[in-house]
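# Structural description and commentary
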Amino acid sequence: MNRLRALMPIAGLLFTGCAAAVPANQSLPVEQACLVSDDTRQPITIEIATSPAQRSQGLMSRPSLDADSGMLFVYRNERDPEDSFWMYRTLIPLDIAYLDQDGTIRAIHQMDPCPAEKGRNCPRYPAGVPYYYALEMNQGYFQNRGLSAGDRLLRGSSACQ
């Protein structure tokens, strides 16, 4: 019995570590997709944020993001170039690609985490182009894979075939 009690804190730490790896937005739909350029077809897994609450939560408080995973923010109407994202309570440095209605990348920006206690002190990252979608991936993702404006996001499990 004493051995079991001694192991309880260790078991608790193990389960806590596992829980940290579970995404905060467990209820978001997940899709397979493909980023396509003239030279490459890069399969990715994306969480889809469509509601204002889902988009507002985004990737906040996540300690990490798998190498080929990201989040796609979906809007019904075209967004203005002045519309922006910010990194309040976001722990991971990210790239953001702004895409048009057809999934063509129009602009890519790098965003750094904001350690500010209040959101008003966080920088904003305006798109600079009209967009319907915003795709967040780990910082450096697009550059490291040779992806740039003009390349496309194709959605669906057979997109990279």
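Residues numbered from 1 in each chain as written. Predicted model: local features only at pLDDT ≥ 70, side-chain atom pairs only at ≥ 80, totals over all residues. Heavy atoms only, no water.

### Quick look at the environment of methionine 87
Along the chain, methionine 87 falls in the loop between strand S4 (84–86) and strand S5 (94–99). Residue classification places methionine 87 among the buried residues on the basis of a relative accessible area of 1%. When sequence neighbours within four positions are dropped, the list of residues in contact with methionine 87 reads Ile92, Pro93, Leu94, Met111, Asp112, Pro113, Cys114, Pro123 and Tyr125. (Helix = DSSP H or I, 4+ residues; strand = E, 2+ residues; numbered from the N terminus. Buried < 20%, exposed > 50% of the residue type's maximum accessible area, 1.4 Å probe, protein only. Contact = heavy atoms within 4.5 Å.)

### Some thoughts on unusual backbone geometry
With a phi angle near 70 degrees, serine 61 is a residue other than glycine that sits in the positive phi range. Even without being glycine, arginine 89 reaches a positive phi, approximately 65 degrees. Mapped onto the elements of the fold, arginine 89 is located in the loop between S4 and S5.

### Things to note about the pairing of strand S8 (residues 131–138)
Summarising burial for S8: eight of the eight residues are buried, a large majority. Across five bridges, the pairing between strand S3 (residues 69–79) and S8 is antiparallel. Directly across from phenylalanine 73, in S8, lies its bridge partner alanine 134. Both S5 and S8 contribute to a ladder of six bridges, which runs antiparallel. Across the sheet, the residue bridging to tyrosine 98 is alanine 134, located in S8. (Pairing = 2+ DSSP bridges.)

### Notes on the state of the cysteines
Between two cysteines, a covalent bond joining their sulfur atoms is known as a disulfide. Here the structure, examined in full by the defined rule, presents two disulfides. The partner cysteine of cysteine 34 in its disulfide is cysteine 160, sulfur to sulfur 1.9 Å. As the torsion about the S-S bond is roughly 90 degrees, the cysteine 34-cysteine 160 disulfide counts as right-handed. On the criterion of sequence distance, the pair formed by cysteine 34 in strand S1 (residues 30–36) and cysteine 160 in the segment after strand S9 (152–155) is long-range, its members being 126 residues apart. The buried category is assigned to cysteine 34, whose relative accessible area is 0%. (Disulfide = S-S within 2.5 Å.)

### What to know about the sheet that holds S9
Spatial strand order, S6-S5-S8-S3-S2-S1-S9: seven strands in an open sheet with mixed pairing. For this open sheet the edge positions go to strand S6 (105–111) and S9, each flanked by a neighbour on one side alone. In this sheet, neighbouring strand axes are inclined to one another by 30 degrees on average, regardless of whether the strands run parallel or antiparallel. The pairing of S5 with S6 spans six bridges and is classified as antiparallel. Its bridge partner being in S6, leucine 99 is matched across the sheet by isoleucine 105. (Axes fitted to C-alpha atoms, helices over the stretch in contact; angles between N-to-C directions.)

### Quick word on the nonpolar core
Ranked by internal contacts, the top residues of the largest apolar core, which has 24 residues, are Phe73, Phe85, Leu94, Tyr98, Met111, Tyr131 and Ala134. Setting aside anything within four residues of it in sequence, one finds phenylalanine 73 in contact with Ala49, Arg55, Gly58, Phe85, Tyr132, Tyr133, Ala134 and Glu136. The next biggest cluster of nonpolar side chains, apart from the first, holds 18 residues, and it includes Ile46, Leu72, Ala97 and Phe142. (Core = buried A, V, L, I, M, F, W, Y, C linked by side-chain atoms within 4.5 Å.)

### With respect to the pattern of salt bridges
Applying the stated criterion to the full structure yields four salt bridges. For the salt bridge of glutamate 31 with arginine 155, the shortest nitrogen-to-oxygen distance reads 2.8 Å. Of this pair, glutamate 31 sits in strand S1 while arginine 155 sits in strand S9, and the two are 124 residues apart along the sequence. Relative accessible area serves as the criterion here: at 37%, arginine 155 is assigned to the partly exposed category. Between arginine 145 and aspartate 68 there is a salt bridge, with the nearest N and O atoms lying 3.4 Å from each other. Of the two residues, arginine 145 sits in the loop between helix H3 (141–144) and S9 while aspartate 68 sits in the loop between helix H2 (52–57) and S3, which places them 77 residues apart along the sequence. Overall, the relative accessible area of 26% leaves arginine 145 in the partly exposed class. (Salt bridge = Lys/Arg side-chain N within 4 Å of Asp/Glu carboxyl O.)

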